[in-house]
There are 2 protein chains.
Amino acid sequence: MPETTTQPDAAAVIDLLGVLAYGELSAFDRMAHDARMAPNTGLRAALAEKAALEMGHYRKLVDRIADLGADPQLAMAPFVAAVETFHARTEPRTWGEALVKAYVGDGLAADFYREVATYVDEPTRALVDEALADSGNAEFAIREVGVLIAEDPTAASRLSLWGRRLVGEAISQAQHVAAERDALVRLIVGGAGDLAAISGLIDRITGKHVARMKAIGLSQ
Amino acid sequence: MPETTTQPDAAAVIDLLGVLAYGELSAFDRMAHDARMAPNTGLRAALAEKAALEMGHYRKLVDRIADLGADPQLAMAPFVAAVETFHARTEPRTWGEALVKAYVGDGLAADFYREVATYVDEPTRALVDEALADSGNAEFAIREVGVLIAEDPTAASRLSLWGRRLVGEAISQAQHVAAERDALVRLIVGGAGDLAAISGLIDRITGKHVARMKAIGLSQ
């Protein structure tokens, strides 16, 4: 079988680990903050525990960056603005919005991880798989969003709109990153095969997002 | 040897686990928030990781409450106001204050845990020991406060004052709790032996606090 992909260059792998690491750190920060909106202490603690899990992923990612001989802070730096802009534009105002954001954000990140994990070296891939294994906001968010919609059926359309906004902002910030990080883009294009294959990747991630919205009782 | 202590009643053990659990949850929340004041991403992540550890302790404490047949939310409820008041009155305004708060708060909590752990049943004691084992804000705080004082020696007197304020507010809120929770007070007085022994307990905790301030380069 011909080898169609080239070995990803080291800078691109560092970029990838850097954006993932900063994503985890900021997800921790935002989910910890959003947990305050919970209607009771039990639900507040449940979201706080999800937030805490992100720091375990963060640790693995930055340790890998250091193992590869790079500085984790420098690796994360190019992505801080895009990630923070995403969060600033998608600050939840209600508990329902916080739940949907945790669910959609976690889901999109996991899908992206899974896609790109196949393009990188084996230790990095193993790390990504491990980070995915103890994610698990889905069940919790599906249950609690279900409770909110049962209490107030009009919440469904508001939260559906919110879900679309989250994806729109995520795509917008991903485009900013892509415009500036050539090596990272080459890694993904090289991994996918060619530019045409990128649209396949985007289709798969979008398709999973639609299924995810349906699973939580919201329309895409 | 005569048995001088009576078996602590179940309500008091639930109270104890409840106040510890809510303390962990709120410590998570506050440290996660305070991490934003860090001067760089590495230090921000370091405090975020300490915050995340608190949720592991929280989980063990609420699981124990549930094992004892009580509702964790109800067990925590009587202590929410005192703990939140403590935090509202000791909101750090600088990275140095955040570090000292994490260090002093963690240390006082650990000392209190160790003292009362000897008064409770064996599974609860084992749990408390386990929760203490992976605490570890001390080394990090000592190093980073040292960095701040080296950069600006006037920080030492400001942070010393801050340390005194933290302890003062902690004592003030502990008194509010004691005034309202008879069973918990009986557990601690019964465990210590008598009211006179309580002053020994307070002396030991105060003495350790003084040593801790010294270790971090601050005066009591």
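Residues numbered from 1 in each chain as written. Chains lettered and ligands numbered in written order. Predicted model: local features only at pLDDT ≥ 70, side-chain atom pairs only at ≥ 80, totals over all residues. Heavy atoms only, no water.

Participant: I'd like to hear about the interface of chain B and chain A, residue by residue, with values.
Facilitator: Contacts between the two partners involve 24 residues from chain B and, on the opposite side, 24 residues from chain A. Interface of chain B and chain A: buried area, both sides summed, is about 2000 Å²; carbon and sulfur atoms make up 55% of it. Interface area lost by chain B to chain A is led by Arg36(B), Arg44(B) and Glu49(B), which between them contribute 25%. Summed over the shared surface of chain B and chain A, the number is six salt bridges. With a closest N to O distance of 2.8 Å, Arg59(B) and Glu49(A) form a salt bridge. Taken together, the links from chain B to chain A amount to twelve residue pairs in polar contact (both at pLDDT 80 or more). Where the side of chain B that touches chain A is concerned, the elements lending two or more residues are helix H1 (10-34), helix H2 (41-67) and helix H3 (72-76) of chain B. It is H2(B) that contributes the most residues to the side of chain B that touches chain A, eleven residues altogether. Looking at the side of chain B that touches chain A, its residues break down into eleven nonpolar, six polar and seven charged. (Contact = heavy atoms within 4.5 Å. Buried area = accessible area lost by both parts, 1.4 Å probe. Salt bridge = Lys/Arg side-chain N within 4 Å of Asp/Glu carboxyl O. Polar contact = N/O pair within 3.5 Å; in protein donor to acceptor, adjacent residues only side chain to side chain. Helix = DSSP H or I, 4+ residues; strand = E, 2+ residues; numbered from the N terminus. Nonpolar A, V, L, I, M, F, W, Y, C, P; charged D, E, K, R; others polar.)

Participant: If you had to explain the nonpolar core to someone new, which residues and values would you point to?
Facilitator: In terms of nonpolar packing, the biggest core is built from 141 residues, with Phe28(A) and Phe28(B) touching the most fellow members. Apart from residues no more than four positions distant in its own chain, Phe28(B) is found in contact with Phe28(A), Ala32(A), Ala48(A), Ala51(A), Ala52(A), Ala51(B), Ala52(B), Glu54(B) and Met55(B). (Core = buried A, V, L, I, M, F, W, Y, C linked by side-chain atoms within 4.5 Å. Buried < 20%, exposed > 50% of the residue type's maximum accessible area, 1.4 Å probe, protein only.)

Participant: So what about empty space enclosed by the protein? Which residues, and what values?
Facilitator: Counted under the stated rule, the structure contains four cavities of 30 Å³ or more. Each pocket or cavity is described by its volume, and for the largest cavity that value is around 50 Å³. Lining the largest cavity are Asp29(A), Ala32(A), His33(A), Arg36(A), Asp29(B), Ala32(B), His33(B) and Arg36(B). Residues of the lining of the largest cavity, tallied by class, amount to two nonpolar, two polar and four charged. (1 Å grid on protein atoms, 1.4 Å probe; cavity = no way out; pocket = protein on both sides within 12 Å on 5 of 7 lines; lining within 4 Å. Points joined across faces, edges and corners; volume = space filled by probe spheres on them.)

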